[in-house]
Amino acid sequence: MRLSRRTFLEGVAALSIAVSVPAMGYAEDFKMGLLVPGSVSEEGWNRIGFNALKGVEAQLGAKISYVELQQNPASFEKAFRDYASQGYKVILGHGFEFQDAALEVALDYPDTYFLISSSSIHEGNVIGLNTDTSQPFYLMGVIAAKMGKKAGLVGGMEIPPIQQAFAGFKNGAKSVNPDFPISEAYIGNFTDTTAAKEAALSMISQGADFVVPNASGATVGGYQAISESGPDVRSFSIFSDFTQVAPNNILGLYVADYAQGVVEVVRSIKDGSPPTENVIFGLKDPKVMSFTFRDDGPISVPEDIRAEVKAISDKIAAGEIKTGAE
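Summarised in this report is the structure supplied together with it. The shown structure was predicted, so the numbers you read here are calculated from the model rather than taken from an experiment.

Cut-off values and rules
Here, residues in each chain are numbered from 1, in the same order as that chain's written sequence. Side-chain atom pairs in this predicted model are given and counted only at pLDDT of 80 or more, local residue features only at pLDDT of at least 70, and totals for whole chains, interfaces and linings cover all residues. To get the side-chain values, take all heavy atoms of the structure and skip hydrogens and water. Think of a salt bridge as a Lys or Arg side-chain nitrogen and an Asp or Glu carboxyl oxygen that are within 4 Å of each other. Here a strand is any run of E in DSSP of at least two residues, a helix any run of H or I of at least four, and the numbering for each starts at the N terminus. Only the six-membered ring of Trp is used, alongside the rings of Phe and Tyr, when aromatic pairs are assigned; centres must lie within 6.5 Å, and planes under 30 degrees apart are stacked while those over 60 apart are edge-to-face, with the rest tilted. Exposed residues in this analysis have more than 50% of their type's maximum accessible area, buried residues have under 20%, and partly exposed residues fall in between, with area computed by a 1.4 Å probe over protein chains only. Among the buried residues, those of types Ala, Val, Leu, Ile, Met, Phe, Trp, Tyr and Cys that are joined through side-chain atoms within 4.5 Å form a nonpolar core.

**As for the pattern of salt bridges**
Oppositely charged side chains are able to pair whenever their charged atoms sit close together.
And step 1. The tally for this structure, following the rule as stated, stands at 13 salt bridges.
And step 2. Note that Arg 81 is salt-bridged to Asp 108, the shortest N-O span being 2.8 Å. Taken together, the positions of Arg 81 in helix α3 (residues 73-85) and Asp 108 in the loop between α4 (99-106) and β4 (113-117) put the pair 27 residues apart, joining distant regions of the chain.
And step 3. Because the salt bridges share partners, they merge into one network encompassing Glu 77, Arg 81 and Asp 108.

Right, here's the structure in full:
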């Protein structure tokens with residue numbers, strides 16, 4: 001199916017050139033739409049997508065719009081079609097779950113670019129933007145194995161981006177101690193903060209003293225459980241700063257300035273030079289990805305471990321350490 005889709009798209013592109021159809025995107029206002037799997041008012045993943053959209057508006061002068069959706073593939077396809085039919089040049093589906101719908105709609109709108117967050121796709125006008133979260137999570141795993149006894153990972157849905165992050169954590173921890181115990185659970189959605197909290201509490205009751213939640217809007221529930229369990233349970237803030245939720249527990253912050261990465265990709269599309277392959281941001285891109293230590297909490301990462309993590313980070317950025325699943 002994929003091969004026939006690519007062939008179709010190439011054929012449509014060739015036909016457009018042959019009949020000299022005028023390009024509409026540059027004669028009119030440049031417009032970008034955003035689809036998010038939840039609310040942009042939530043700290044975390046959805047807010048990052050909204051910040052990317054606002055960055056495109058501010059830096060590229062684009063007209064923007066967004067729609068908040070639940071986990072419903074039919075609504076994904078409808079939203080893509082609505083934007084594409086209104087002449088939007090770029091539509092960002094902010095999550096891997098939007099990929100299949102984009103591939104279907106792209107057949108009918110070859111002049112629209114469909115960007116998919118957390119995806120490795122590059123098929124015609126569907127382009128994946130993937131931040132390699134296995135890299136910072138690898139660093140978290142190293143720290144957990146050096147400072148803790150057991151770790152717990154709470155995910156939203158068992159989809160590739162979260163599996164990639166957790167693989168990085170596990171690989172990092174096992175690079176320090178191959179027998180370091182790690183439990184892993186998925187709550188099956190990205191909105192149920194109570195389920196995330198209960199999963200984290202269960203892991204803590206079983207001895208986990210490092211817990212990392214990764215469940216988009218539900219993530220805050222995991223941090224609530226960590227905070228309520230006392231300062232002996234440690235964590236890391238991911239995507240956004242959750243230190244206000246768990247001020248005595250967070251040792252470091254992983255922040256992805258995905259917004260600026262998206263701006264640069266959209267800029268290339270607006271300038272007529274779209275990416276020729278899927279885009280992967282990593283520790284080699286300091287303007288997009290950073291992992292920093294926290295110094296204002298009751299517990300901090302010792303200097304010797306910080307130095308070791310910095311050296312590991314440099315090797316990851318240079319491609320000398322592979323952090324994801326093989």
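Having put the structure on the table, let's press on.
**As for the packing of aromatic side chains**
And step 1. What the rule picks out here adds up to 16 aromatic pairs.
And step 2. Taken together, a centroid distance of 6.2 Å and an interplanar angle of 35° make the contact between Trp 45 and Tyr 258 tilted. With Trp 45 in helix α2 (residues 45-60) and Tyr 258 in helix α9 (residues 258-270), the pair connects residues that are 213 residues apart, well separated along the chain.
And step 3. Classification of Trp 45 by relative accessible area gives buried; the value is 15%.
And step 4. For Tyr 258, a relative accessible area of 2% corresponds to the buried category.
And step 5. Taken together, the aromatic side chains of Trp 45, Phe 137, Phe 166, Tyr 186, Phe 239, Tyr 254, Tyr 258 and Phe 281 make up a single cluster linked through ring pairs.

**A word on the nonpolar core**
As a rule of thumb, nonpolar side chains are buried together in soluble globular proteins.
And step 1. Leu 115, Leu 129, Phe 137, Met 140, Tyr 254, Val 262 and Val 266 are the most contacted members of the largest nonpolar core, which has 84 residues in total.
And step 2. The biggest single contributor to this core is helix α5 (residues 134-147), with 8 residues.
And step 3. Counting 19 residues, the second-largest nonpolar core is a separate cluster that includes Tyr 83, Phe 98, Val 105 and Ala 106.

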